[in-house]
Amino acid sequence: VPHFHVPLQSGSDLILKRMRRRYLSQLYVDRVHSIKKAMPHACIGVDVIVGFPGETDEEFLKTYKFLADLDISYLHVFTYSERPNTAAAEMSGVVPQNIRAKRSKMLRGLSLKKRHHFYESQLGTEREVLFEGENKKGYINGFTENYVKVRIPWDPSLVNTLHKVLLKEIDEEGFVRVELL
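The following refers to the structure shown. (Residues numbered from 1 in each chain as written. Predicted model: local features only at pLDDT ≥ 70, side-chain atom pairs only at ≥ 80, totals over all residues. Heavy atoms only, no water.)

**Quick look at the overall build of the protein**
Item 1. Regarding its fold elements, the protein presents 4 helices and 8 strands.
Item 2. The principal-axis extents of the C-alpha atoms in the protein amount to approximately 55 × 35 × 25 Å.
Item 3. Across the 181 residues in the protein, those meeting the buried criterion constitute 41%.
Item 4. Residue pairs in contact within the protein that sit at least 24 positions apart in sequence constitute 64% of those at least 6 positions apart.
Item 5. Looking at the protein as shown, the accessible area adds up to about 10100 Å², and 54% of this sits on carbon and sulfur atoms.
Item 6. The distance from the centre of the 27 positive side-chain charges to the centre of the 23 negative ones in the protein is 5 Å. (Helix = DSSP H or I, 4+ residues; strand = E, 2+ residues; numbered from the N terminus. Buried < 20%, exposed > 50% of the residue type's maximum accessible area, 1.4 Å probe, protein only. Contact = heavy atoms within 4.5 Å. Areas by Shrake-Rupley, 256 points an atom, 1.4 Å probe, with all protein chains shown as cover. Lys, Arg positive; Asp, Glu negative; His and termini not counted. Charge placed at Lys NZ, Arg CZ, Asp CG, Glu CD.)

Encoded structure:
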């Protein structure tokens, strides 16, 4: 299915090196562009860590701008936490907890914008949805093959079934309302 979840961790090459990652940001950009060229409607989710030792305001802003400029669909934001007996726990440049929390909040806000933009780009298209098995406040939820979260009024006959739908509009809670085809 055209849904990718590709860990990045940081948009700063300096921080990626400190994390001992075996890639730099340009390789990541190239991969995202390759996916989007082959599958323009693909959903791309990104793992990112904030507050890793040595992440200055400047390095964090590199990550923020990197992610803001990249054609991705959402973020999974993790706040760095020290783990005993790891190299990172001994590194200098510890980021205070309040700064980590602020950076996490900023990236979660960016994620909401990215997801909304991605969902808007999918409106008017036909997709296949796998509906879930729970009645949530009178609705049944599901996901398209490219990870758009949808809902329609509860219908128990739809549970655990695949259906072709038309993506209609984004509701006030961020779900996409659909029409069964």
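**Details of helix α3 (residues 57–69)**
Given 3.6 residues to a turn, an α-helix orients residues that are three or four positions apart in the same direction.
Item 1. The end-to-end C-alpha distance of α3, which contains 13 residues, comes to 18 Å, matching closely the 18 Å that a straight helix rising 1.5 Å per residue would cover.
Item 2. Taken together, the buried positions of α3 are occupied by Glu59, Phe60, Thr63, Phe66 and Leu67. Looking down the long axis of α3, one finds its buried residues gathered within 120 degrees of arc, a one-sided arrangement. Facing away from the buried side of α3, by more than 90 degrees, are the exposed residues Asp57, Glu58, Lys65 and Asp69.
Item 3. The elements touched by buried residues of α3 are β1 (3–9), α1 (13–18), α2 (25–38), β2 (43–50), β3 (74–79) and α4 (97–122). (Expected span 1.5 Å × (residues − 1). Arc of directions from axis to C-beta.)

**Side note on the sheet that holds strand β5 (residues 139–144)**
The strands that make up a sheet pair up through hydrogen bonds in the backbone, lying either parallel or antiparallel.
Item 1. Here 5 strands make up a closed barrel; going around it, the order is β4-β5-β6-β8-β7 and the pairing mixed. Across the sheet, the mean angle from the axis of one strand to that of its neighbour is 50 degrees, orientation sign disregarded.
Item 2. Sheet topology places strand β4 (residues 126–131) next to β5; 3 bridges connect them, and they run antiparallel. Across the sheet, Leu130 pairs through a bridge with Phe143, a residue of β5. (Pairing = 2+ DSSP bridges. Axes fitted to C-alpha atoms, helices over the stretch in contact; angles between N-to-C directions.)

**Here's the deal with the packing of aromatic side chains**
Item 1. Going through the model one piece at a time under the given rule, you end up with 6 aromatic pairs.
Item 2. With a centroid separation of 6.4 Å and an interplanar angle of 55 degrees, the aromatic rings of Tyr28 and Phe66 are classed as tilted. Residue Tyr28 is located in helix α2, and its partner Phe66 is located in helix α3; the two are separated by 38 residues in the primary sequence. An identical accessibility class is assigned to Tyr28 and Phe66; each is buried.
Item 3. Aromatic pair Tyr74 and Tyr147: ring centres 5.7 Å apart, planes at 35 degrees, arrangement tilted. Of this pair, Tyr74 sits in strand β3 while Tyr147 sits in the loop between β5 and β6 (149–153), and the two are 73 residues apart along the sequence. (Phe/Tyr/Trp six-rings, centres within 6.5 Å; stacked < 30°, edge-to-face > 60°.)

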